[in-house]
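Structural overview
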There are 2 protein chains.
Amino acid sequence: MAVVRQSPNMSAIAAALGVSAATVSNALSGKGRVSPELAEKVRATAAALGYVPSLTARALRTGRSGVLGLVLPDIGNPLFPQIAQAIENAAAALGYGVLIADSRGDIATQTEAINRLIERGVDGMVVVPRRGTRIADIGCPVAVIDTPSTPGNTVSADHWQGGEAIGRHLAQLGHRRVLLVGNNKSSNVQSDRIGGLRAGLGLGVHCDTLWIETIEDAGGPGCPLGLADKARSGFTAFAAVSDLSALRALTELQRAGIGVPEMVSVTGFDDLIWSPVVTPALTTVRMDLPTIADLAIGALIRVIEPEAEGEAATAAAATRVSCLTDRVPMQLVVRQSSGPASSLLPDAAAGAEPALLTLPKSWHAKNQTQPTAGEPKI
Amino acid sequence: MAVVRQSPNMSAIAAALGVSAATVSNALSGKGRVSPELAEKVRATAAALGYVPSLTARALRTGRSGVLGLVLPDIGNPLFPQIAQAIENAAAALGYGVLIADSRGDIATQTEAINRLIERGVDGMVVVPRRGTRIADIGCPVAVIDTPSTPGNTVSADHWQGGEAIGRHLAQLGHRRVLLVGNNKSSNVQSDRIGGLRAGLGLGVHCDTLWIETIEDAGGPGCPLGLADKARSGFTAFAAVSDLSALRALTELQRAGIGVPEMVSVTGFDDLIWSPVVTPALTTVRMDLPTIADLAIGALIRVIEPEAEGEAATAAAATRVSCLTDRVPMQLVVRQSSGPASSLLPDAAAGAEPALLTLPKSWHAKNQTQPTAGEPKI
DNA sequence: TCTGCCTGATTAATCGTTTAATCAGAAAAG
DNA sequence: CTTTTCTGATTAAACGATTAATCAGGCAGA
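An account of the accompanying structure is given in this report. (Residues numbered from 1 in each chain as written. Chains lettered and ligands numbered in written order. Predicted model: local features only at pLDDT ≥ 70, side-chain atom pairs only at ≥ 80, totals over all residues. Heavy atoms only, no water.)

**Regarding the overall build of chain A**
Regarding its fold elements, chain A presents 15 helices and 12 strands. Across the 378 residues that make up chain A, the buried fraction comes to 53%. Of the accessible surface of chain A, which amounts to about 16100 Å², a share of 55% is contributed by carbon and sulfur atoms. (Helix = DSSP H or I, 4+ residues; strand = E, 2+ residues; numbered from the N terminus. Buried < 20%, exposed > 50% of the residue type's maximum accessible area, 1.4 Å probe, protein only. Areas by Shrake-Rupley, 256 points an atom, 1.4 Å probe, with all protein chains shown as cover.)

Below, the structure is given as structure tokens:
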């Protein structure tokens, strides 16, 4: 039994065929001038010997590592798995690896993480910035995934449009007093979503915004948000800017005996993993992460792998991925947590009650499987 | 204004000081014989020039890339953020980068992902295997995070002990009929957790196990699990093997008008992100992921960076991280979703009503528009 | 027949670091 | 005064791929 053979290199293939290593390189890459027959023989013996090119050596020579960095504000974020998965898939499809870096929500750590990635020689990076921060111009192609209102080059979901979709959905269901549930005022993403919600609800709808972090500053983490009182005071819908907040609202309302969606509606954002399996399943809006990841990675690759272009032009744009901001539409997913407006207010009940009664019996059944973009009729 | 200077290399430092590149290398690494004064000067100019060592070149020369791979069965898993974060932190602390690979729940993709990592020259990898799979002996140090009952070298939480903790907790609260809620029968982790639960509950407690996937095979994804009926038939506690299932159970029960924890208790596993913020906050059991990550990474590093050891011995163990299986204790987190056993059984009490009457008066008032149990009328 | 072009391959330099081998000079030992 | 030892540094060879420059022939045109 032979010893474990080290993975053979190009010289091994070259020696086996009696040619030079350069010829092997040319044959495998198809770049130089090699006769077709020899190229075929090279490929055959490469396969036979189990040749695996050393990406390290290639990186040293070419200056490109074939690795992209992914910087995330907080890996604990429940949306992170989807982002990471989408980015990893898009990168892998183009032959790139993905190195992760966690900035732990800290700005200093974020820049430190970015530096670590640069030292590791990534060819480019995708950054989901901590809210409120901008990414400085580092000497490396960067694609930012945030929100279109962030200045700079970003690819992102169209959070505003997503908010509009939810807003229109609720307005069409007859809701006239809606409580918007946000987490943190300084998040650009959340601001966009709330702006879109207000726009989608229209002028005839009364909106208030409740900020969870403000309440928790007083009541401690995980404290009650007082949503039942809000419901009793006439709000018939609770539109959260994240499924996590929506879940919190849903359970708090259910716990207080307020039925969802018969009494109030609850909607979220992002279609996180639990959204389809809670009862009632959450109506939410979904980011098209595969597309976003493809755009971000594609923009990076376009800078990293220059094709036939003027050198001056590419050099100038070398560290900025693209001049335009891409916004990818979000998709409304109607499930059971949203329904026609009812009211817990004794004095306002007269108008809302009929809607509840005229609802087709199969309404929820129809809506539970199809994530339709169009709003359901009532 | 000078042109953008390329990051200087060792030769630049050497030239600036009039010494050889080898001396610079020795000075910075502290390995060869360099006079202390010169070493200090080298460090100073290195800092002054903004020298950043090329990890690529070092990797090529030493054969070690300083990168570890992380293979995950399904990045969509809600536990993933915590695992990735813990692994990334542990690796970064030791100067290693982390390359992620998603096996998308597929066995073929898993091996393919592992191969991609090997081609990229990772020094070792941490694998969270898809349930039911074993990791073949690849020519690369591997640490497996799974469950102690998986054969092979694994680091993991002590799922059995975690189950015991929950089981004892429920038993002490007086629960005598407990429904265990699992997802998938073939998961070793889930089997361990269920085994631990049964052990912790003890012999005097009646247990049934409900498998969500089995139910969904018939009812479709997200279908009702019929837990309210289970509650009415006498189960007073629902112990899920994951917080996701627990959340599903919690909302389904709440929706059916069954109060948690007054009527039934619900517990989960893993302390996922929503567990503290739902109402009632979930009683669960938490993995000590930082410790698990430290153990896994530490075991890898021990193989990768051999210290003063016999060569034969290390060569033999080169691809297997350690012979012993580490199991890290889990920590019970008691929150509001578990409480003293009540009963909805008509024969155990006058009926469902009494339990309901022990609730705060406001609770019942808020629910008066709804029938006590069963689906809401629309 | 000689020059020039084209093809198919080789040579050798290069990326930046590590490290074994070597070397010059000074101090210590004989 | 010579020999040995030790110190502090240098030289040069890797690591494995890429690639510009070069070269040996074959073939066609003049």
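**A few points about the environment of Ser7 of chain B**
Residue and element names in this part refer to chain B. Mapped onto the secondary structure, Ser7 falls in the segment before helix H1 (10-17). On the accessibility criterion, Ser7 (53% relative accessible area) is exposed. Spatially, the C-alpha atoms of Ser7 and Val52 are 6.8 Å apart, while their sequence positions differ by 45 residues.

**Brief notes about the relation of the copies chain A and chain B**
Overlaying chain A on chain B yields an RMSD of 0.1 Å, the required transformation being a rotation through 180 degrees with an accompanying axial translation of 0.0 Å. The transformation relating the two chain copies, once decomposed into turn and shift, fits a two-fold axis. By C-alpha distance to the rotation axis, the residue of chain A lying nearest is Leu99 of chain A, at 2.2 Å. When the interface residues of chain A are mapped onto chain B, 88% of them again lie at the interface, so the same face is used by both copies. (Least-squares fit on C-alpha atoms with pLDDT ≥ 70 in both. Contact = heavy atoms within 4.5 Å.)

**Quick word on the protein's contact with DNA strand D**
Not every one of the 24 residues close to DNA strand D is listed here, only the nearest: Met10 and Arg61 of chain A together with Thr23, Arg33 and Ser35 of chain B. Counted by atom, the contact set of DNA strand D within 4 Å of the protein is 56% sugar and phosphate. Within the backbone of Ser54 of chain A, an N or O atom sits 3.3 Å from a phosphate oxygen of DNA strand D. A distance of 3.1 Å is found between a base nitrogen of DNA strand D and a side-chain nitrogen or oxygen belonging to Arg61 of chain B. (Near = heavy atom within 4 Å. Polar contact = N/O pair within 3.5 Å; in protein donor to acceptor, adjacent residues only side chain to side chain.)

**A few points about empty space enclosed by the protein**
Counted under the stated rule, the structure contains 4 cavities of 30 Å³ or more. Space inside the largest cavity adds up to approximately 270 Å³. Lining the largest cavity are 14 residues, with Ser65, Val67 and Arg120 of chain A together with Val67 and Arg120 of chain B positioned closest to its centre. Mapped by element, the contributors of at least two residues to the lining of the largest cavity are helix H4 (55-62) of chain A together with helix H4 (55-62) of chain B. (1 Å grid on protein atoms, 1.4 Å probe; cavity = no way out; pocket = protein on both sides within 12 Å on 5 of 7 lines; lining within 4 Å. Points joined across faces, edges and corners; volume = space filled by probe spheres on them.)

**A word on the packing of aromatic side chains**
Applying the stated rule across the entire model yields 2 aromatic pairs over all chains. Here Phe80 of chain A and Phe80 of chain B contribute two aromatic rings whose centre-to-centre distance is 5.6 Å and whose plane-to-plane angle is 15 degrees, an arrangement assigned as stacked. With one member in each of two chains, Phe80 of chain A in helix H5 (residues 80-93) and Phe80 of chain B in helix H5 (residues 80-93) form a pair that bridges those chains. Residues Phe80 of chain A and Phe80 of chain B agree in their burial class; the two are buried. One Lys or Arg, Arg177 of chain A, reaches over the ring of Phe235 of chain A and ends 4.8 Å from the middle of that ring. (Phe/Tyr/Trp six-rings, centres within 6.5 Å; stacked < 30°, edge-to-face > 60°. Lys NZ or Arg CZ within 6 Å of the ring centre and 35° of its normal.)

**Digging into the pattern of salt bridges**
Summed over all chains, the structure comprises 18 salt bridges over all chains. Put simply, Arg43 of chain A and Glu40 of chain A hold a salt bridge, and the shortest N to O gap is 3.2 Å. Pair noted here: Arg43 of chain A and Glu40 of chain A are both in helix H3 (residues 36-49), with a separation of 3 residues, about one helical turn. The shortest N-O distance in the salt bridge between Arg286 of chain A and Asp271 of chain A comes to 2.8 Å. Taken together, the residues span a long stretch of sequence, with Arg286 of chain A in strand E10 (residues 284-286) and Asp271 of chain A in the loop between strand E9 (265-267) and E10 at a distance of 15 residues. Overlapping salt bridges bring together Glu88 of chain A together with Glu112 and Arg116 of chain B as one network. (Salt bridge = Lys/Arg side-chain N within 4 Å of Asp/Glu carboxyl O.)

**A look at the protein's contact with DNA strand C**
If you check the shell around DNA strand C, you find 24 residues, and the closest are Thr23 and Ser35 of chain A together with Met10, Tyr51 and Arg61 of chain B. Of all atoms in DNA strand C that approach within 4 Å of the protein, 61% are sugar or phosphate atoms. Residue Arg61 of chain A places a side-chain N or O atom 2.9 Å away from a base oxygen belonging to DNA strand C. Met10 of chain B is positioned with one of its backbone polar atoms (N or O) 2.6 Å from a phosphate oxygen of DNA strand C. At the level of secondary structure, the elements contributing two or more residues to the surface near DNA strand C comprise helix H2 (21-29) and H4 of chain A together with helix H2 (21-29) and H4 of chain B. With 4 residues, the single largest contributor to the surface near DNA strand C is H4 of chain B.

**Comments concerning the sheet that holds strand E8 (residues 237-240) of chain B**
Residues and elements named next belong to chain B. Strands sit in the order E7-E6-E8-E9 across an open sheet of 4 strands; the sheet is parallel. Two strands close off the open sheet at either side, each with one partner strand: strand E7 (206-211) and strand E9 (265-267). Taking the axes of each pair of neighbouring strands and ignoring which way they run, one obtains an average angle of 20 degrees across the sheet. Summarising the sheet, E8 and E9 pair through 3 bridges and their orientation is parallel. By the bridge assignment for E9, Ala239 is matched with Thr267. Packed onto the sheet, helix H7 (residues 159-172) meets strand E6 (177-182), E8 and E9 and runs at close to 170 degrees relative to E9. (Pairing = 2+ DSSP bridges. Axes fitted to C-alpha atoms, helices over the stretch in contact; angles between N-to-C directions.)

**Side note on the packing of H1 of chain B against H2 of chain B**
How two helices pack is summed up by the angle between their axes together with the distance between the axes. Residue and element names in this part refer to chain B. As a packed pair, H1 and H2 sit with axes 8 Å apart at the nearest point and diverge in direction by 105 degrees. Comparing their axes, H2 and H1 come out roughly perpendicular. The residues of H2 that touch H1, namely those facing Met10, Ile13 and Ala14, are Ala21, Val24, Ser25 and Leu28. Classifying every residue of the contact of H1 with H2 by side-chain character gives 6 nonpolar, 1 polar and no charged. (Parallel < 35°, antiparallel > 145°, perpendicular 65-115°, else oblique. Nonpolar A, V, L, I, M, F, W, Y, C, P; charged D, E, K, R; others polar.)

Just distances and angles here, no functional claims.
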